[in-house]
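As a plain string of letters, each chain reads:
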Amino acid sequence: MLKLVKYLKKSAGIIVVIIALLFLQAYCDLSLPSYTSDIINVGIQQGGIEDAVPSQIRDESLKQLFLFMTTEEQQVVQKHYEQKEDGIWKLKDVTKDEREELNSIFAQPMMIALTLSADSEETKQMKEQMQLPEGVSILDAMMQMPQEQLDQMKSQMAEQIEDMPEMMVDQASVSYVKAEYKAQDMDLDQLQSQYMKITGIKMVAMALIIMVASVSVAFLSCRVAAGFARDVREDVYKKVVSFSNAEFNKFSTASLITRSTNDVQQIQLVMSMIFRIVLYAPILGIGGFMKVLNTNTSMAWIIGVAVGSILLVVLVLFAVAMPRFKKLQTLIDRMNLVTREILTGLSVIRAFSTEKHEEKRFEDANQTLTKTNLFVNRCMTFMMPTMMLIMNLITLLIVYVGAHSIDDGLMQVGDMMAFIQYTMQIIMSFLMLTMMSIMLPRASVSGNRISEVLHTSLTIHDPEKDKIQEQSKESSVEFKHVSFAYPGASENVLTDLNFVAKHGETTAIIGSTGSGKSTLVNLIPRFFDVTEGQVLVNGVDVRDMKQHELRDKLGYVPQKGVLFSGTIDSNLRYGCENASKETIEKAAEIAQATEFISAKTEGFDSPIAQGGTNVSGGQKQRLSIARAIAKNPEIYIFDDSFSALDYKTDVVLRQALKQETKDAVTIIVAQRISTILHAEQILVLDEGRIVGKGTHEELMKTCDVYRQIAMSQLSEKELGLGKEAGDHE
């Protein structure tokens, strides 16, 4: 499948845009859990207060906090706050790093201040020990203490705080800020409501960005995949059209159809999914893992358990289902082959009453394909519930472990929920990759099958520089010591053929079935190349001519008439699209097709069904002959093209054709002696060798094979032997 990646070069710019959109989508996806956590932790639990950095603080409160700060820390605080006339210190605009520094400075002093100002048993005992009068707080007293005594108390408190979880310190500092705001008569409800609104708006904006990015990625991915499939399908078609008969023997027609349609569709589907899933899953998974490490490292082992469980399920499914996946495309080939054979040979099947046998063939192919598909789909169906079970169990495990962490003050509820969401995102990324890993092998098989067609070496090539024939040279076809064997065959079909088909003459080829007549004429248009010797057209070896230029000189009528869907007119113009109406009508008249064409309501515009199934065999053959005549070629090749015609039509057609082809080379393969009686040259083939060459009269005297064929078809009188026999008597 990697061999087909070159087809994505045209879409490189779009792919870059897709990757950028995927990163944007992943960023937003990974941001949503943190916003959810903030709503719970900050918005609900902390009343909208984010950290220990107050937006404004009273002078007396700040002086109390300064008791527990170093001189350097006090200077940092004073640097970022400015004092107003009402005794309130206002926070200046600070960067994120500066705010984090202030938070670390304020956190411990605020916790100490909150603890010492609380009305608890411990503070009462401290007041008694310090013998403080009623109404004097411990903090007020500490402000009056000598520095040495104050430093001693601060060091004792710092030792106690160091053993506390960081989360408890943060929560205590937030409680201090909340109490400070309340003391300043600030509206805490409005503060909380404003925080919730702003965070909610950010989440909605993120969701909208995710939606736009997701839709854009889907649209662009489908566009890239469709363009990829179009280019691959086009190249497959061009390659197949360039195949010679030798290449066609390697692939069945049904297989080539499957490779051009179903296989390309499989790759197109996977290609569109690759950009939306295969590229996105690692971005989401790695990003989620990094977020988890920032949220809580103590539960990171749970992700390892989840990933390990998923991989175990995937490995089991791979071992069971993968062989069937690889077999599917072959079974589709088989299904197409059987269906095509049955539909093509329907009349023969009915004539021999073998409908039941063919139904059983179809049923066997259908059942095998159905069973394989069902097995694969059941595996897929089994996978989803298993994955969901793993996800739910992992969620329960996170809640269980997280609840203990919350109870110990090591984690907040919002952090646990964010951890659950990040873990689910990581699991989903693995799940998406798993889904793709099941689809990829089938697409890989399809890709290999397509590559097999695209990389098939052609046995017939155009020369790098074709030879130009002399303008004055008359048309001719010459065989020089030609031998031919089909690819892989050990024996020759044709051996050492030598003859010349001249301009203005008819060269006829006759022989028993299997003598190599059709094979001989197939060497002229290079459907096959000779094994030995040369085939010369107008004095030039056909292998030194471009195939298009060579075949442009030929008017070829195959043994079995082939028509294409369209009209009679479009079929007759097949070799010469710009032919005039008079030329088309004349060609039909020479081919004796005018009578049945005129009998049709629409005349030359009458429709022709696919394969010419709505005309008889004789009509199809006459239209094929008319198509060759309309082209007005230099060389006519009739491969047993008159066998479907009755004797009368055959005689009239040949007489009209003789006049039309007087300035061309005419080569006729025939079974009937009557068709070739008046040919200037008759070649008699027997087991691939020319055993007779000459006119009818000459061959009757010199060639036993020809004489036997002639006497088996015509009476002595028709052959002109009756008089000779009578004289002899």
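Residues numbered from 1 in each chain as written. Predicted model: local features only at pLDDT ≥ 70, side-chain atom pairs only at ≥ 80, totals over all residues. Heavy atoms only, no water.

**Student:** Where do I start with the sheet that holds strand S6 (residues 506-511) in this structure?
**Tutor:** Strand pairing in a sheet is mediated by backbone hydrogen bonds. Such pairs are either parallel or antiparallel. Pairing in this open sheet of six strands is mixed, and the strands run S9-S12-S13-S6-S14-S15 from one edge to the other. Where the open sheet ends on each side, the last strands, each with one partner, are strand S9 (554-557) and strand S15 (689-694). Looking at each pair of strands side by side, their axes are set apart by 15° on average, direction ignored. Relative to the sheet, helix H23 (residues 617-631) contacts S9 and strand S12 (635-639), its axis offset from that of S9 by approximately 180°. Across the sheet, helix H27 (residues 704-713) touches S6, strand S14 (681-686) and S15, and the angle it forms with S14 is around 100°. (Pairing = 2+ DSSP bridges. Helix = DSSP H or I, 4+ residues; strand = E, 2+ residues; numbered from the N terminus. Axes fitted to C-alpha atoms, helices over the stretch in contact; angles between N-to-C directions. Contact = heavy atoms within 4.5 Å.)

**Student:** Explain the packing of aromatic side chains here, please?
**Tutor:** This structure, assessed with the given rule, holds 11 aromatic pairs. Taking the centre distance of 6.1 Å and the plane angle of 85° together, the rings of Tyr 7 and Phe 228 count as edge-to-face. Of the two residues, Tyr 7 sits in the segment before helix H1 (12-45) while Phe 228 sits in helix H9 (residues 188-241), which places them 221 residues apart along the sequence. Side by side, Tyr 7 and Phe 228 carry an identical accessibility label, which is buried. (Phe/Tyr/Trp six-rings, centres within 6.5 Å; stacked < 30°, edge-to-face > 60°. Buried < 20%, exposed > 50% of the residue type's maximum accessible area, 1.4 Å probe, protein only.)

**Student:** Explanation requested: the pairing of strand S3 (residues 88-91) in the structure shown.
**Tutor:** Every regular strand shows the same layout, with side chains that alternate between the two sheet faces. Taken together, the three bridges between strand S1 (residues 56-58) and S3 define a ladder with antiparallel strand orientation. Directly across from Arg 58, in S3, lies its bridge partner Ile 88. Hairpin geometry of strand S2 (residues 81-83) and S3 is characterised by an intervening segment of four residues between the two adjacent antiparallel strands and by a positive phi of about 85° at Gly 87.

**Student:** Before we go on, may I ask you to explain helix H2 (residues 59-66) in this structure?
**Tutor:** When you tally the buried positions in H2, you get six out of eight residues, the bulk of the element. For H2, the set of buried residues is Asp 59, Ser 61, Leu 62, Gln 64, Leu 65 and Phe 66.

**Student:** When you look at unusual backbone geometry in this model, what are you seeing that I'm missing?
**Tutor:** Both trends apply: most residues other than glycine have a negative phi, and most peptide bonds are in trans. We note that His 481 has phi near 50°; this positive angle belongs to a residue other than glycine. With respect to the helices and strands, the residue His 481 is situated in strand S4 (residues 477-484). A positive phi angle is found at Asp 496, which is not glycine, with a value near 50°. Within the fold, Asp 496 resides in strand S5 (residues 494-501).

**Student:** It is not clear to me how the nonpolar core should be interpreted in this structure. Could you clarify?
**Tutor:** A general feature of soluble globular proteins is that nonpolar side chains tend to end up buried together. Phe 228, Met 271, Ile 394, Ile 398 and Ile 450 are the most contacted members of the largest nonpolar core, which has 81 residues in total. Put simply, the parts of the chain that give this core at least two residues each are H1, H9, helix H12 (262-278), helix H13 (280-295), helix H14 (300-344), helix H16 (355-407) and helix H17 (413-454). Examining the composition of this core, we find that 17 residues originate from one element, H14, more than from any other. Dropping the residues within four chain positions of it, Phe 228 is found in contact with Leu 4, Tyr 7, Leu 8, Ile 267 and Met 271. One finds Ile 510, Leu 563, Leu 623 and Tyr 706 within the second-largest nonpolar core, a separate group that totals 45 residues. (Core = buried A, V, L, I, M, F, W, Y, C linked by side-chain atoms within 4.5 Å.)

**Student:** Looking at this structure, how should I read helix H4 (residues 96-117)?
**Tutor:** In an α-helix, one full turn covers 3.6 residues, which means residues spaced three or four apart are oriented alike. An ideal rise of 1.5 Å per residue puts 32 Å on 22 residues; H4 measures up with 30 Å between its terminal C-alpha atoms. Of all the bends in H4, the greatest, near 30°, is centred on Phe 106, and the proline Pro 109 appears no more than four residues after it. For H4, every residue scored as buried is listed here: Leu 102, Asn 103, Ile 105, Phe 106, Ala 107, Pro 109, Met 110, Met 111, Ile 112, Ala 113 and Leu 116. (Expected span 1.5 Å × (residues − 1). Bend = angle between axes of the 7 residues up to and from the residue.)

**Student:** Which parts of the structure should I look at to understand the sheet that holds strand S8 (residues 540-541)?
**Tutor:** Taking strand neighbours across the sheet as the criterion, the four strands line up as S5-S4-S7-S8 in an open arrangement whose pairing is antiparallel. What marks the edges here is a single partner per strand, and that holds for S5 and S8. Bridge analysis of S4 against S5 gives five bridges, and the strand direction is antiparallel. Bridged to Val 482 within S5 is Leu 497.

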